[in-house]
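Take a look at the letters that make up each chain.
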Amino acid sequence: MKIRLWGTRGSVPVSSPQMTRYGGDTTCIEVRSESGGRLILDAGTGIHALGDSMDHEIPTDCTICFSHAHWDHLQGLPHFKPLYNPNWRLSLRGPVLAEDVPFSQNLLEIFDEKHFPVPWRELPRRPILEFTPGEQFQVGDMTVKTCPTVHPGSCAAYRIEADGWSFVFTGDHECGDKGDSEATKRLLDFMAGADVALVDGHYFLKDYPLHQGWGHSALEQWPALLAGRGVKHLVYTHYDPSYCDRELDKVFDALRENCRLPISLQLGCQGMLITADGGEMEEREESLESINCKLCDFFHRISHFSDTNVVLDSVLNQARALSNADAGTIYLVENNSLVFSYAANDTLFPGSEANKYAYLNASLPLDTGSIAGFVACTGRVLNIPDVRAIPQSEPYAFNDAFDLATGYRTVSMLTVPFTDVQNRILGVLQLINSVKNGRIQAFPPNTVRYVGRLVMLAGNSLERARLANDLILRMLRTASLRDPRETASHVRRVGAMAAEIYHHWAEKHGLTAEEIRAAKGRLRLAAMLHDVGKVGIPDAILKKPGRLTPEERRTMEKHAVMGARLFENATQDVDMLAHTIALHHHQKWDGSGYTGSDKHPLLSGTDIPLEARITAIADVYDALISRRCYKEAWDVKDALDILRNDAGSHFDPELVDVFMEIHEVITAICKRFPDLEDA
């Protein structure tokens, strides 16, 4: 089944720019089963637009069911186009109301030429059937159950079951102060276990006492009542005509913020589509050709990236852009765990402030207990409209520790598995809080499909980047067998520091995000290879525990040019940059330093390549604060003082300032890649 809300306002239709989101037409709900059956609940002014839509269809069977005979639930009927088209096989059903007035009399009084110019007798013949609330009947393959509600003049609620799930529409109902009257208990029992309940949310609780006995409920009354009856999704409708969008948002936000019950809450919007997973506003479907064009363009751009972090950053940014997600996280599978590998959150850390969170050293067990773990283990996509409404029967649960620690509010979540070409799980992409017009919504179906294609294709890029990273790390491990001071952790830290220094510098210089992303990835990998030339230095010098003689020092300095020679005649961007960094990262701002070869004269200032100047700062700082067999680690403050004091002589002073500005990120990098003896 699919349910469409064509009217969501109560009492009287309203038209105002302040009421466009939740709608101004009075009650009308369309129910369609998978087999094509159609049932319409109530004929408020929303039925006019529904009729216009049906006017373009091939006529078939349709049943209109009325909850009661109050004017706001009938007033659109005379303007329903299919009513005048004899090819539509329409029938109407209404409950037996107070004082045993036939429901047909209420309809005929509308078409009496006094209230509407066209008399009923001139319309195509339409059967009007009655039922007593409590009875049930069939409309095609839909089972329709009814129940009386508390409302002046009487009213009937509907429970519709088809296609494996159930939908309840309460119509107008007053829960009362405590919601414990026999009539309300009967209605709640009638609603028990429903997948979705569309309920009377006419008032705010603060306004309800002034209107007690008018036959309507307050939004705040329903969650506890329905959660206790096992209803999964609660959607509100029939809003008081004086409530604007802003007021509804304010009260609803407070209600959802304080709700700790296993039930999802949503404000119904005119045009909303409701499925077994709750309500969502449908976006215009993009053609498959359009989607494929966007994907081809994206993957052409990232095909040049050989750095894992850049691929992850690109995929996460693209996925968030297409889904309007406020936040997102990527976990990678490593050593039977899900390792927190990349994150972004516009609310908590906008822009480049997020960079330090990319280096969090956190992980999840690779099991079905968490949402990400469940997706990784099963390969299933999870699209959860409200993480606090996950049924207890599910093996996974939402961990709200991050929300509690930061004050963030996670609501909707889309989690998709990364796989390689052999369908092995590489990791998980998790998107959080799809936002439209400033409001959090569930991730719509077309977004889920788009993200699914994106992640499926991104798995190939991620796998290629990981292979490139692993190749460089193997080269560095080989070098570390010769030089015990050149640890894998050290080169990873230097690469990450260099990348983040460049990122901040590039932002200050107005480079685009795309330019920064590409250059940052190349620099991270190339900077890791800064001292790879030490493989050519004799062991007697390389491993000498004491101070080197001047001649030994000159030999040691040759590692710079030796490293550069490993990348001579390079054609790949990373290799060419590795040549530059290896040769020039021991150059100094004042023109001293070394390259290890007379063929490569000394440079000074900005003549030294930018990437080499950046790597020099990262390399020296990390060497100072790291413990080695020949020295203890320096205090961070002392190491920072060295950088400050040598700015303008050894180091580029502008880059030293940049380094100081991102020291929080630098600290996060050091924690993410500790030396083995410190881990």
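For the structure given in this document, a descriptive report is provided here. This one's a predicted model, so the numbers in the text were calculated from it and none came from an experiment.

Taken in spatial order, the 7 strands make up an open sheet running S7-S8-S9-S10-S11-S12-S13, and their pairing is mixed. Two strands bound the open sheet, and with one partner strand each, they are strand S7 (136-139) and strand S13 (264-267). This sheet shows a mean twist of 20° between the axes of neighbouring strands, independent of strand direction. Taken together, the 6 bridges between strand S8 (residues 142-148) and strand S9 (residues 156-162) define a ladder with antiparallel strand orientation. By the bridge assignment for S9, threonine 143 is matched with glutamate 161. The sheet strands contacting helix H3 (residues 182-191) are S8, S9, strand S10 (165-169) and strand S11 (196-200), and the helix crosses S8 at an angle near 165°. Contacts between helix H5 (residues 245-258) and the sheet are confined to strand S12 (233-237) and S13, with S13 contributing the most and set at about 180° to the helix.

Moving on to the environment of phenylalanine 374. Along the chain, phenylalanine 374 falls in helix H8 (residues 371-378). For the pair phenylalanine 374 and valine 428, spaced 54 residues apart in sequence, the C-alpha separation works out to 9.9 Å. The residues contacting phenylalanine 374, other than those within four sequence positions of it, are Asp367, Thr368, Gly379, Arg380, Leu382, Pro395 and Tyr396.

This next bit is on unusual backbone geometry. Although it is not a glycine, aspartate 42 sits at a positive phi angle of roughly 70°. Inspection of the secondary structure assignment puts aspartate 42 in the loop between strand S3 (38-41) and helix H1 (47-54). If you check the backbone angles, asparagine 324 has positive phi at about 55° while not being a glycine. With respect to the element layout, asparagine 324 can be found in the loop between helix H7 (308-323) and strand S16 (325-334). With a relative accessible area of 42%, asparagine 324 lands in the partly exposed category.

What follows concerns helix H17 (residues 610-625). Between its first and last C-alpha, H17 extends 23 Å over 16 residues, near the 22 Å set by a 1.5 Å rise per residue. By the criterion of burial, H17 is predominantly enclosed, with 13 of the 16 residues buried.

Another point: the nonpolar core. One finds Leu41, Phe167, Met191, Trp222, Leu226 and Tyr236 to be the most contacted residues of the largest nonpolar core, which totals 60 residues. With 5 residues, S9 is the largest single contributor of residues to this core. Judged by nonpolar contacts, the second largest core, of 39 residues, contains Leu577, Ile617, Phe651 and Leu655.

Let us look at the pattern of salt bridges. The full count for this structure, using the stated rule, is 25 salt bridges. Close ionic contact of lysine 145 with glutamate 161 constitutes a salt bridge, the shortest N to O distance being 3.5 Å. Highlighted residues: lysine 145 in strand S8 and glutamate 161 in strand S9, separated in sequence by 16 residues. On the basis of relative accessibility, which here comes to 23%, the residue glutamate 161 falls in the partly exposed class. Taken together, the salt bridges that share partners define one network made up of Arg21, Asp249, Asp253 and Arg439.

Another point: the sheet that holds strand S4 (residues 61-65). With mixed pairing, 8 strands are arranged side by side in an open sheet as S6-S5-S4-S3-S2-S1-S14-S15. A single partner strand is all that each edge strand has here, and the edge strands are strand S6 (128-131) and strand S15 (278-280). For this sheet, the mean angle separating the axes of adjacent strands, direction not counted, is 25°. Strands in contact with H1 are strand S1 (2-7), strand S2 (28-32), S3 and S4; relative to S3, the strand with the most contacts, it is inclined by about 160°.

The next subject is the pairing of strand S17 (residues 337-345). Along S17, 9 of the 9 residues are buried, which leaves the element largely enclosed by surrounding structure. Of the strand pairs in this sheet, S16 and S17 are connected by 8 bridges, and their pairing is antiparallel. Following the sheet pairing, glutamate 334 is matched in S17 by serine 337. Connecting the antiparallel pair S16 and S17 is a turn made up of 2 residues, with asparagine 335 showing a positive phi of about 50°.

Time to look at the side chain of aspartate 195. Looking at where aspartate 195 falls in the secondary structure, it is placed in the loop between H3 and S11. According to the relative accessible area criterion, aspartate 195 is buried, its value standing at 12%. Among the polar contacts listed, one links the side chain of aspartate 195 to the side chain of lysine 232, at a separation of 3.3 Å. Setting aside anything within four residues of it in sequence, one finds aspartate 195 in contact with Trp165, Ser166, Lys232, His233 and Ala276.

What follows covers the packing of helix H11 (residues 488-508) against helix H19 (residues 653-661). Packing of H11 against H19 leaves a shortest axis separation of 9 Å and a crossing angle of 110°. Between H11 and H19, the interaxial angle falls into the category roughly perpendicular. When H11 is examined against H19, the residues Ile501, His504, Trp505 and Lys508 are found in contact with a partner set consisting of Glu654, Leu655, Val658, Phe659 and Glu661.

Following the criterion strictly, the structure yields 12 aromatic pairs and no others. When the ring of phenylalanine 66 is compared with that of phenylalanine 103, the centres are 5.3 Å apart and the planes differ by 35°; the resulting orientation is tilted. Linking phenylalanine 66 in the loop between S4 and strand S5 (89-95) with phenylalanine 103 in helix H2 (residues 103-110), this pair joins segments that are 37 residues apart in sequence. Each member of the pair, phenylalanine 66 as well as phenylalanine 103, carries the same accessibility label: buried. With 6.0 Å between their ring centres and 80° between their planes, tyrosine 331 and phenylalanine 340 make a pair best called edge-to-face. Comparing tyrosine 331 with phenylalanine 340, the two get one shared label, buried.

Here S1 pairs with S2 via 5 bridges, running antiparallel. Residue pairing in the sheet places glycine 7 in a bridge with cysteine 28 of S2.

Taken N-terminus to C-terminus, the directions of H17 and helix H18 (residues 636-646) make an angle of 150°; their axes are 9 Å apart at the nearest point. Taken together, H17 and H18 sit at an angle that is classed as roughly antiparallel. In terms of crossing hand, the pair formed by H17 and H18 is right-handed. Between H17 and H18, the contacting residues are Ile617, Tyr621, Leu624 and Ile625 on the first element and Val636, Ala639, Leu640, Ile642 and Leu643 on the second. Across the contact of H17 with H18, the residue classes break down as 9 nonpolar, no polar and no charged.

Rules behind the numbers
Residues numbered from 1 in each chain as written. Predicted model: local features only at pLDDT ≥ 70, side-chain atom pairs only at ≥ 80, totals over all residues. Heavy atoms only, no water. Pairing = 2+ DSSP bridges. Helix = DSSP H or I, 4+ residues; strand = E, 2+ residues; numbered from the N terminus. Axes fitted to C-alpha atoms, helices over the stretch in contact; angles between N-to-C directions. Contact = heavy atoms within 4.5 Å. Buried < 20%, exposed > 50% of the residue type's maximum accessible area, 1.4 Å probe, protein only. Expected span 1.5 Å × (residues − 1). Core = buried A, V, L, I, M, F, W, Y, C linked by side-chain atoms within 4.5 Å. Salt bridge = Lys/Arg side-chain N within 4 Å of Asp/Glu carboxyl O. Polar contact = N/O pair within 3.5 Å; in protein donor to acceptor, adjacent residues only side chain to side chain. Parallel < 35°, antiparallel > 145°, perpendicular 65-115°, else oblique. Phe/Tyr/Trp six-rings, centres within 6.5 Å; stacked < 30°, edge-to-face > 60°. Left-handed = near helix turned anticlockwise from the far one by under 90°. Nonpolar A, V, L, I, M, F, W, Y, C, P; charged D, E, K, R; others polar.

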